[in-house]
Amino acid sequence: MKNIRMGNREYTKNFRDSIQVVLEHHFPRSEDGIVEKQIIINMNFPVITQEEVKTVINDIYINKYPGPDGLTLGIIRELFFLDPAWFTELFNDCTRQGVFTDFWKIAMVILIPKEGTDLTEVSAYRPMSLTYLG
């Protein structure tokens, strides 16, 4: 990552400062630490079917490293096939109640440079979140 031009038209001097400027641009915070840009979610999600879960489960690459919960995708796949109805209902309950385990909320954010942009501009980077069950 190149040095990033800041709001005062000066450039960052090191990698750590560049990352800080990009984070502040894409993830602004208010004085109390709460993210200012929040998405309003319509909680009327469609019901997830067993067939949909089975399709995803059958398509996942199971030889990935486990996430922070210690579960590999292979173990999750086995859990599904032990009781598909319970497993599917777990996801439906989560979406209905808007409650998810903290492990499902952890992501690694990587920055993707946008093609044809000036890489010294903070807006030249697109954040991408990689989750553990993705």
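Just so you know, the residues in each chain are numbered from 1, in the order the chain's sequence is written. Where local features are concerned, this predicted model is filtered to residues with pLDDT of at least 70; where side-chain atom pairs are given and counted, the filter is 80 or more; whole-chain, interface and lining totals use all residues. Side-chain figures throughout are based on the complete set of non-hydrogen atoms in the structure, without hydrogens or water.

As recorded by an unreviewed UniProt entry, the protein carries the name Reverse transcriptase domain-containing protein and is attributed to Araneus ventricosus.

Trainee: Requested: an account of the side chain of Thr88, with residues and values cited.
Mentor: Segments assigned H or I by DSSP are reported as helices when at least four residues long, segments assigned E as strands when at least two residues long, and all are numbered from the N terminus. The residue Thr88 is located in helix 4 (residues 84-97) in this model. Leaving out residues up to four positions away in the same chain, Thr88 has contacts with Ile48, Thr49, Gln50, Val53 and Phe80. The contact criterion used is simple: two residues touch if any of their non-hydrogen atoms lie within 4.5 Å.

Trainee: Kindly report on helix 3 (residues 73-82), identifying the contributing residues and their values.
Mentor: Leu73, Gly74, Ile76 and Phe80 are the residues of helix 3 that are buried. Considered in projection along helix 3, the buried side chains sweep an arc of 160° and stay on one side of the axis. Summarising the geometry of helix 3, the exposed residues directed more than 90 degrees from the buried face are Glu78 and Leu82. In the core, the buried residues of helix 3 are packed alongside helix 2 (50-59) and helix 4. A 1.4 Å probe rolled over the protein chains alone gives each residue an accessible area, and that area as a share of the maximum for its type sets the label: buried under 20%, exposed over 50%, partly exposed in between. Note: the arc covers the axis-to-C-beta directions of the helix.

Trainee: Would you mind going over the environment of His25 in detail, with residue names and values included?
Mentor: Within the secondary structure, His25 is located in helix 1 (residues 15-26). In the structure, His25 is positioned 19 residues away from Met6 in sequence and 9.9 Å away in space, judged by C-alpha atoms.

Trainee: I'd love a proper account of the environment of Val56, names of residues and values included.
Mentor: For Val56, the location among the structural elements is in helix 2. Separated by 21 residues in sequence, Val56 and Arg77 have C-alpha atoms that sit 9.6 Å apart.

Trainee: Before we move on, could you go through the packing of aromatic side chains and cite the residues and values that matter?
Mentor: Classification of ring pairs uses Phe, Tyr and Trp, with its six-membered ring standing for Trp, and accepts pairs whose centres are within 6.5 Å; under 30 degrees between planes counts as stacked, over 60 as edge-to-face, and the remaining range as tilted. Summed over all chains, the structure comprises 4 aromatic pairs. Considering the side-chain rings of Phe87 and Phe91, the 5.2 Å spacing of their centres and the 65° angle between planes classify their relative orientation as edge-to-face. Of the two residues, Phe87 and Phe91 both sit in helix 4, 4 residues apart, roughly one turn of that helix. One aromatic cluster in this structure is built from Phe80, Phe81, Trp86, Phe87 and Phe91.

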